[in-house]
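# Report on the structure
Next come the chains, spelled out residue by residue.
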2 protein chains.
Amino acid sequence: MGTMDNEPTHACLGEQHAENGVAVQLPDPLVCARTAAIFRALGDVSRLSLLALLAQREMCVSELTEKLSDNLPAISQRLKLLRSERIVRSRRQGKHVYYSLADNHIALLISNGLEHGSEEPHG
Amino acid sequence: MGTMDNEPTHACLGEQHAENGVAVQLPDPLVCARTAAIFRALGDVSRLSLLALLAQREMCVSELTEKLSDNLPAISQRLKLLRSERIVRSRRQGKHVYYSLADNHIALLISNGLEHGSEEPHG
DNA sequence: AAAACAGTTGACGATTTCATCAACTATCGT
DNA sequence: ACGATAGTTGATGAAATCGTCAACTGTTTT
(Lines give C-alpha, C1' and ligand atoms only; values in the text may rest on other atoms or scores of the structure.)
Protein backbone atom coordinates (compact mmCIF):
# COMPACT_ATOMS: atom_id res chain seq x y z
CA MET A 1 0.00 0.00 0.00
CA GLY A 2 2.45 2.64 -1.09
CA THR A 3 1.62 6.30 -1.47
CA MET A 4 1.23 5.95 -5.16
CA ASP A 5 -1.05 8.19 -7.13
CA ASN A 6 -4.30 6.36 -7.16
CA GLU A 7 -6.07 6.08 -10.48
CA PRO A 8 -9.78 6.95 -10.38
CA THR A 9 -10.91 3.66 -11.78
CA HIS A 10 -8.66 0.70 -11.43
CA ALA A 11 -6.33 0.53 -14.31
CA CYS A 12 -4.77 -1.87 -16.65
CA LEU A 13 -2.14 0.77 -16.12
CA GLY A 14 1.22 1.11 -17.72
CA GLU A 15 2.21 -2.47 -18.15
CA GLN A 16 0.14 -5.12 -16.43
CA HIS A 17 -3.15 -5.14 -14.62
CA ALA A 18 -1.57 -5.04 -11.25
CA GLU A 19 -3.92 -6.28 -8.55
CA ASN A 20 -4.58 -2.92 -7.01
CA GLY A 21 -5.83 -4.20 -3.70
CA VAL A 22 -7.28 -7.68 -3.34
CA ALA A 23 -6.43 -10.44 -5.73
CA VAL A 24 -9.33 -12.04 -7.56
CA GLN A 25 -9.70 -15.71 -6.91
CA LEU A 26 -10.31 -18.14 -9.73
CA PRO A 27 -13.45 -20.19 -9.21
CA ASP A 28 -13.03 -23.87 -8.42
CA PRO A 29 -13.43 -25.76 -11.72
CA LEU A 30 -15.46 -28.51 -10.09
CA VAL A 31 -17.85 -26.06 -8.49
CA CYS A 32 -18.20 -24.26 -11.81
CA ALA A 33 -18.85 -27.49 -13.64
CA ARG A 34 -21.51 -28.57 -11.19
CA THR A 35 -23.15 -25.14 -11.09
CA ALA A 36 -23.08 -24.75 -14.86
CA ALA A 37 -24.73 -28.15 -15.20
CA ILE A 38 -27.57 -26.99 -12.96
CA PHE A 39 -28.00 -23.71 -14.81
CA ARG A 40 -27.90 -25.58 -18.11
CA ALA A 41 -30.67 -27.84 -16.90
CA LEU A 42 -32.77 -24.80 -15.94
CA GLY A 43 -31.97 -23.08 -19.21
CA ASP A 44 -34.61 -24.65 -21.38
CA VAL A 45 -38.12 -23.30 -21.81
CA SER A 46 -39.94 -26.61 -21.58
CA ARG A 47 -37.97 -27.77 -18.56
CA LEU A 48 -38.32 -24.43 -16.83
CA SER A 49 -42.08 -24.36 -17.40
CA LEU A 50 -42.24 -27.77 -15.85
CA LEU A 51 -40.21 -26.63 -12.87
CA ALA A 52 -42.36 -23.55 -12.47
CA LEU A 53 -45.27 -25.90 -11.93
CA LEU A 54 -43.36 -28.10 -9.50
CA ALA A 55 -42.39 -24.96 -7.61
CA GLN A 56 -46.07 -24.61 -6.75
CA ARG A 57 -46.64 -28.14 -5.57
CA GLU A 58 -45.81 -31.79 -6.05
CA MET A 59 -47.29 -33.30 -9.19
CA CYS A 60 -47.36 -36.62 -10.96
CA VAL A 61 -46.16 -37.07 -14.51
CA SER A 62 -49.59 -37.26 -16.07
CA GLU A 63 -50.74 -34.09 -14.35
CA LEU A 64 -47.66 -32.29 -15.62
CA THR A 65 -48.38 -33.68 -19.06
CA GLU A 66 -51.91 -32.37 -18.84
CA LYS A 67 -51.04 -28.92 -17.53
CA LEU A 68 -48.29 -28.43 -20.06
CA SER A 69 -50.34 -29.84 -22.92
CA ASP A 70 -47.53 -32.12 -23.99
CA ASN A 71 -47.02 -35.83 -24.46
CA LEU A 72 -46.00 -38.05 -21.59
CA PRO A 73 -42.71 -39.42 -22.90
CA ALA A 74 -41.48 -35.90 -23.56
CA ILE A 75 -42.21 -34.85 -19.99
CA SER A 76 -40.63 -38.02 -18.68
CA GLN A 77 -37.45 -37.39 -20.64
CA ARG A 78 -37.17 -33.91 -19.20
CA LEU A 79 -37.77 -35.23 -15.70
CA LYS A 80 -35.08 -37.83 -16.26
CA LEU A 81 -32.57 -35.12 -17.06
CA LEU A 82 -33.66 -33.00 -14.10
CA ARG A 83 -33.41 -36.03 -11.84
CA SER A 84 -29.90 -36.76 -13.05
CA GLU A 85 -28.94 -33.25 -11.94
CA ARG A 86 -30.67 -33.74 -8.61
CA ILE A 87 -33.01 -30.86 -9.33
CA VAL A 88 -36.15 -32.89 -8.77
CA ARG A 89 -36.94 -35.90 -6.64
CA SER A 90 -39.47 -38.59 -7.40
CA ARG A 91 -41.64 -40.80 -5.28
CA ARG A 92 -43.84 -43.60 -6.48
CA GLN A 93 -47.36 -44.04 -5.17
CA GLY A 94 -49.28 -46.80 -6.83
CA LYS A 95 -49.38 -46.30 -10.54
CA HIS A 96 -48.27 -42.69 -10.27
CA VAL A 97 -44.86 -41.16 -9.84
CA TYR A 98 -44.89 -37.83 -8.04
CA TYR A 99 -42.22 -35.24 -8.66
CA SER A 100 -41.16 -32.26 -6.59
CA LEU A 101 -38.21 -29.91 -6.41
CA ALA A 102 -35.23 -31.57 -4.78
CA ASP A 103 -34.60 -28.92 -2.16
CA ASN A 104 -35.28 -25.39 -1.03
CA HIS A 105 -32.14 -24.04 -2.54
CA ILE A 106 -33.23 -25.08 -6.01
CA ALA A 107 -36.68 -23.65 -5.37
CA LEU A 108 -35.13 -20.29 -4.52
CA LEU A 109 -32.88 -20.37 -7.54
CA ILE A 110 -35.87 -20.94 -9.79
CA SER A 111 -38.12 -18.33 -8.22
CA ASN A 112 -35.31 -15.78 -8.21
CA GLY A 113 -34.68 -16.48 -11.86
CA LEU A 114 -38.34 -16.19 -12.79
CA GLU A 115 -38.61 -13.00 -10.81
CA HIS A 116 -35.73 -11.51 -12.72
CA GLY A 117 -37.13 -12.76 -16.01
CA SER A 118 -40.44 -11.10 -15.34
CA GLU A 119 -38.89 -7.77 -14.42
CA GLU A 120 -36.60 -7.40 -17.39
CA PRO A 121 -38.04 -6.05 -20.57
CA HIS A 122 -36.84 -8.58 -23.06
CA GLY A 123 -34.46 -7.34 -25.71
CA MET B 1 -69.16 -30.59 -27.64
CA GLY B 2 -71.94 -32.68 -26.18
CA THR B 3 -72.57 -32.88 -22.48
CA MET B 4 -70.20 -30.79 -20.43
CA ASP B 5 -67.65 -33.08 -18.91
CA ASN B 6 -64.79 -31.19 -17.36
CA GLU B 7 -63.33 -34.17 -15.56
CA PRO B 8 -59.64 -34.66 -16.09
CA THR B 9 -59.02 -37.65 -18.29
CA HIS B 10 -57.20 -39.36 -15.47
CA ALA B 11 -58.10 -39.46 -11.85
CA CYS B 12 -54.79 -40.05 -10.11
CA LEU B 13 -56.02 -40.76 -6.62
CA GLY B 14 -59.56 -39.74 -7.27
CA GLU B 15 -59.05 -36.56 -5.31
CA GLN B 16 -55.33 -35.88 -5.01
CA HIS B 17 -55.17 -34.81 -8.54
CA ALA B 18 -58.27 -32.72 -8.56
CA GLU B 19 -56.96 -29.34 -7.46
CA ASN B 20 -57.24 -29.88 -3.75
CA GLY B 21 -57.59 -26.24 -2.97
CA VAL B 22 -55.69 -23.78 -5.11
CA ALA B 23 -55.27 -24.21 -8.81
CA VAL B 24 -51.74 -24.22 -10.15
CA GLN B 25 -50.99 -21.38 -12.46
CA LEU B 26 -49.17 -21.93 -15.72
CA PRO B 27 -46.05 -19.82 -16.00
CA ASP B 28 -46.12 -16.95 -18.50
CA PRO B 29 -44.41 -18.23 -21.68
CA LEU B 30 -42.61 -14.94 -22.21
CA VAL B 31 -41.25 -14.91 -18.69
CA CYS B 32 -40.16 -18.52 -19.06
CA ALA B 33 -38.47 -17.78 -22.36
CA ARG B 34 -36.59 -14.84 -20.95
CA THR B 35 -35.63 -16.66 -17.76
CA ALA B 36 -34.56 -19.79 -19.60
CA ALA B 37 -32.38 -17.66 -21.86
CA ILE B 38 -30.62 -16.25 -18.82
CA PHE B 39 -30.13 -19.65 -17.22
CA ARG B 40 -28.90 -21.02 -20.53
CA ALA B 41 -26.33 -18.24 -20.70
CA LEU B 42 -25.15 -19.10 -17.18
CA GLY B 43 -25.12 -22.80 -17.96
CA ASP B 44 -21.71 -23.05 -19.53
CA VAL B 45 -18.49 -23.66 -17.65
CA SER B 46 -16.37 -21.13 -19.47
CA ARG B 47 -18.99 -18.40 -19.26
CA LEU B 48 -19.72 -19.12 -15.64
CA SER B 49 -16.02 -19.01 -14.72
CA LEU B 50 -15.85 -15.66 -16.43
CA LEU B 51 -18.87 -14.42 -14.52
CA ALA B 52 -17.46 -15.70 -11.25
CA LEU B 53 -14.54 -13.36 -11.83
CA LEU B 54 -16.77 -10.43 -12.76
CA ALA B 55 -18.74 -11.09 -9.59
CA GLN B 56 -15.62 -10.08 -7.69
CA ARG B 57 -14.94 -6.89 -9.57
CA GLU B 58 -15.02 -5.09 -12.89
CA MET B 59 -12.40 -6.31 -15.35
CA CYS B 60 -11.26 -5.59 -18.86
CA VAL B 61 -11.19 -8.22 -21.57
CA SER B 62 -7.46 -8.74 -21.53
CA GLU B 63 -7.42 -9.21 -17.77
CA LEU B 64 -10.17 -11.82 -18.06
CA THR B 65 -8.18 -13.45 -20.83
CA GLU B 66 -5.14 -13.54 -18.61
CA LYS B 67 -6.91 -14.84 -15.50
CA LEU B 68 -8.75 -17.51 -17.41
CA SER B 69 -5.71 -18.51 -19.45
CA ASP B 70 -7.65 -18.34 -22.68
CA ASN B 71 -7.42 -16.46 -25.95
CA LEU B 72 -8.94 -13.04 -26.35
CA PRO B 73 -11.41 -13.70 -29.16
CA ALA B 74 -12.87 -16.60 -27.23
CA ILE B 75 -13.48 -14.41 -24.19
CA SER B 76 -14.91 -11.69 -26.37
CA GLN B 77 -17.37 -14.08 -27.99
CA ARG B 78 -18.60 -15.18 -24.58
CA LEU B 79 -18.96 -11.60 -23.46
CA LYS B 80 -20.90 -10.83 -26.60
CA LEU B 81 -23.43 -13.52 -25.76
CA LEU B 82 -23.64 -12.40 -22.12
CA ARG B 83 -24.14 -8.83 -23.27
CA SER B 84 -26.94 -9.83 -25.60
CA GLU B 85 -28.71 -11.33 -22.60
CA ARG B 86 -28.07 -8.22 -20.55
CA ILE B 87 -26.09 -10.20 -18.02
CA VAL B 88 -23.02 -8.01 -18.28
CA ARG B 89 -22.51 -4.39 -19.16
CA SER B 90 -19.49 -2.87 -20.84
CA ARG B 91 -17.80 0.47 -20.69
CA ARG B 92 -14.93 1.66 -22.81
CA GLN B 93 -11.98 3.51 -21.32
CA GLY B 94 -9.21 4.26 -23.74
CA LYS B 95 -8.06 1.11 -25.41
CA HIS B 96 -9.72 -1.08 -22.83
CA VAL B 97 -13.28 -2.28 -22.49
CA TYR B 98 -14.33 -2.98 -18.94
CA TYR B 99 -17.03 -5.49 -18.12
CA SER B 100 -19.12 -5.94 -15.01
CA LEU B 101 -22.29 -7.74 -14.02
CA ALA B 102 -25.35 -5.92 -15.32
CA ASP B 103 -27.15 -5.67 -12.00
CA ASN B 104 -27.40 -6.93 -8.46
CA HIS B 105 -30.09 -9.41 -9.26
CA ILE B 106 -27.81 -11.23 -11.67
CA ALA B 107 -25.00 -11.11 -9.14
CA LEU B 108 -27.23 -12.81 -6.57
CA LEU B 109 -28.37 -15.42 -9.05
CA ILE B 110 -24.77 -16.31 -9.81
CA SER B 111 -23.57 -16.39 -6.22
CA ASN B 112 -26.60 -18.43 -5.15
CA GLY B 113 -25.91 -20.87 -7.95
CA LEU B 114 -22.25 -21.20 -7.09
CA GLU B 115 -23.12 -21.64 -3.45
CA HIS B 116 -25.44 -24.50 -4.32
CA GLY B 117 -22.88 -25.99 -6.68
CA SER B 118 -20.24 -26.02 -3.97
CA GLU B 119 -22.52 -27.66 -1.42
CA GLU B 120 -23.77 -30.53 -3.55
CA PRO B 121 -21.57 -33.53 -3.93
CA HIS B 122 -21.78 -34.15 -7.64
CA GLY B 123 -23.25 -37.46 -8.62
C1' DA C 1 0.11 8.63 -40.98
C1' DA C 2 1.56 4.37 -39.69
C1' DA C 3 2.33 0.96 -36.32
C1' DA C 4 0.82 -1.23 -32.23
C1' DC C 5 -2.43 -2.54 -29.00
C1' DA C 6 -7.35 -3.84 -27.46
C1' DG C 7 -11.30 -5.76 -28.77
C1' DT C 8 -15.20 -7.21 -32.07
C1' DT C 9 -17.33 -9.80 -35.56
C1' DG C 10 -18.94 -13.40 -39.09
C1' DA C 11 -18.29 -17.85 -40.71
C1' DC C 12 -17.31 -22.55 -40.54
C1' DG C 13 -16.88 -27.30 -38.54
C1' DA C 14 -17.36 -30.30 -34.59
C1' DT C 15 -19.96 -31.42 -30.86
C1' DT C 16 -24.08 -31.26 -27.95
C1' DT C 17 -28.79 -31.00 -27.16
C1' DC C 18 -33.69 -31.82 -28.00
C1' DA C 19 -38.02 -34.00 -29.53
C1' DT C 20 -39.97 -38.02 -31.21
C1' DC C 21 -41.13 -42.77 -31.41
C1' DA C 22 -41.22 -47.67 -30.45
C1' DA C 23 -40.42 -50.90 -27.12
C1' DC C 24 -39.97 -51.74 -22.49
C1' DT C 25 -41.18 -52.11 -17.08
C1' DA C 26 -44.32 -51.49 -13.23
C1' DT C 27 -48.73 -51.32 -10.85
C1' DC C 28 -53.64 -51.80 -10.58
C1' DG C 29 -58.33 -53.79 -11.64
C1' DT C 30 -61.01 -57.72 -12.87
C1' DA D 1 -53.44 -64.28 -15.53
C1' DC D 2 -54.83 -60.67 -18.65
C1' DG D 3 -55.53 -56.16 -20.05
C1' DA D 4 -55.32 -51.34 -19.03
C1' DT D 5 -53.04 -47.46 -17.11
C1' DA D 6 -48.71 -44.90 -15.76
C1' DG D 7 -44.19 -44.14 -16.65
C1' DT D 8 -39.29 -45.16 -18.40
C1' DT D 9 -35.80 -45.90 -21.66
C1' DG D 10 -32.59 -46.09 -25.88
C1' DA D 11 -32.09 -44.79 -30.48
C1' DT D 12 -32.38 -41.65 -34.22
C1' DG D 13 -32.40 -37.42 -36.76
C1' DA D 14 -32.84 -32.38 -36.67
C1' DA D 15 -31.51 -28.16 -34.65
C1' DA D 16 -28.82 -25.29 -31.56
C1' DT D 17 -24.24 -24.48 -29.44
C1' DC D 18 -19.28 -23.72 -28.89
C1' DG D 19 -14.46 -22.89 -30.12
C1' DT D 20 -11.48 -21.25 -33.63
C1' DC D 21 -9.68 -18.30 -37.01
C1' DA D 22 -9.17 -14.48 -40.24
C1' DA D 23 -10.52 -10.06 -41.01
C1' DC D 24 -12.31 -6.08 -39.17
C1' DT D 25 -12.96 -1.53 -36.02
C1' DG D 26 -11.40 1.67 -32.55
C1' DT D 27 -7.80 3.96 -29.71
C1' DT D 28 -3.26 5.36 -28.42
C1' DT D 29 1.56 6.19 -29.49
C1' DT D 30 5.40 7.60 -32.29
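A few points on the structure.

Definitions and cut-offs
Residues numbered from 1 in each chain as written. Chains lettered and ligands numbered in written order. Predicted model: local features only at pLDDT ≥ 70, side-chain atom pairs only at ≥ 80, totals over all residues. Heavy atoms only, no water. Contact = heavy atoms within 4.5 Å. Buried area = accessible area lost by both parts, 1.4 Å probe. Salt bridge = Lys/Arg side-chain N within 4 Å of Asp/Glu carboxyl O. Helix = DSSP H or I, 4+ residues; strand = E, 2+ residues; numbered from the N terminus. Nonpolar A, V, L, I, M, F, W, Y, C, P; charged D, E, K, R; others polar. Pairing = 2+ DSSP bridges. Axes fitted to C-alpha atoms, helices over the stretch in contact; angles between N-to-C directions. Least-squares fit on C-alpha atoms with pLDDT ≥ 70 in both. Buried < 20%, exposed > 50% of the residue type's maximum accessible area, 1.4 Å probe, protein only.

## Examining the interface of chain A and chain B
With 59 residues of chain A at the contact, the number on the chain B side is 62 residues. For the pair chain A and chain B, the summed buried surface comes to about 5,200 Å²; carbon and sulfur atoms form 63% of the total. At the boundary of chain A with chain B, the tally comes to zero salt bridges. Looking at the side of chain A that touches chain B, the elements that each hand over two or more residues are α1 (29-42), α2 (45-54), β1 (59-60), α3 (61-67), β3 (96-101) and α5 (104-119) of chain A. Here the side of chain A that touches chain B takes twelve residues from α5 of chain A, the largest share from any one element. Across the side of chain A that touches chain B, the residue classes break down as 26 nonpolar, 20 polar and 13 charged.

## Remarks on the sheet that holds strand β2 (residues 88-93) of chain A
All names here are of chain A. The strand order across the open sheet formed by three strands is β1-β3-β2, and the pairing between neighbours is antiparallel. Each edge of the open sheet is held by one strand with a lone partner, namely β1 and β2. Note: β2 against β3, six bridges, orientation antiparallel. Among the inter-strand pairings, Q93 is bridged to a residue of β3, identified as H96. Contacts between α2 and the sheet are confined to β1, β2 and β3, with β3 contributing the most and set at about 90° to the helix. Contacts from helix α4 (residues 72-84) reach β2 and β3 within the one sheet, and its direction differs from that of β2 by about 120°.

## A look at the relation of the copies chain A and chain B
Overlaying chain A on chain B yields an RMSD of 0.1 Å, the required transformation being a rotation through 180° with an accompanying axial translation of 0.0 Å. Classification of the inter-copy transformation places it as that of a two-fold axis. Taken together, the interface assignments show that 97% of the residues at the interface of chain A recur at the interface of chain B, consistent with an identical surface on both copies.

## Considerations on the pattern of salt bridges
If charged atoms from side chains of opposite charge come close, those side chains can pair. All names here are of chain B. According to the stated counting rule, one finds twelve salt bridges over all chains in the structure shown. A salt bridge links E63 to R57; the nearest nitrogen and oxygen atoms lie 3.0 Å apart. Accessibility expressed as a relative area gives 1% for E63, which makes it buried. Here R57 falls in the buried class, since its relative accessible area comes to 18%. Two residues, E66 and K67, come together in a salt bridge whose shortest N-O distance is 3.8 Å. The class for E66 is partly exposed, based on a relative accessible area of 40%. A relative accessible area of 15% places K67 in the buried class.

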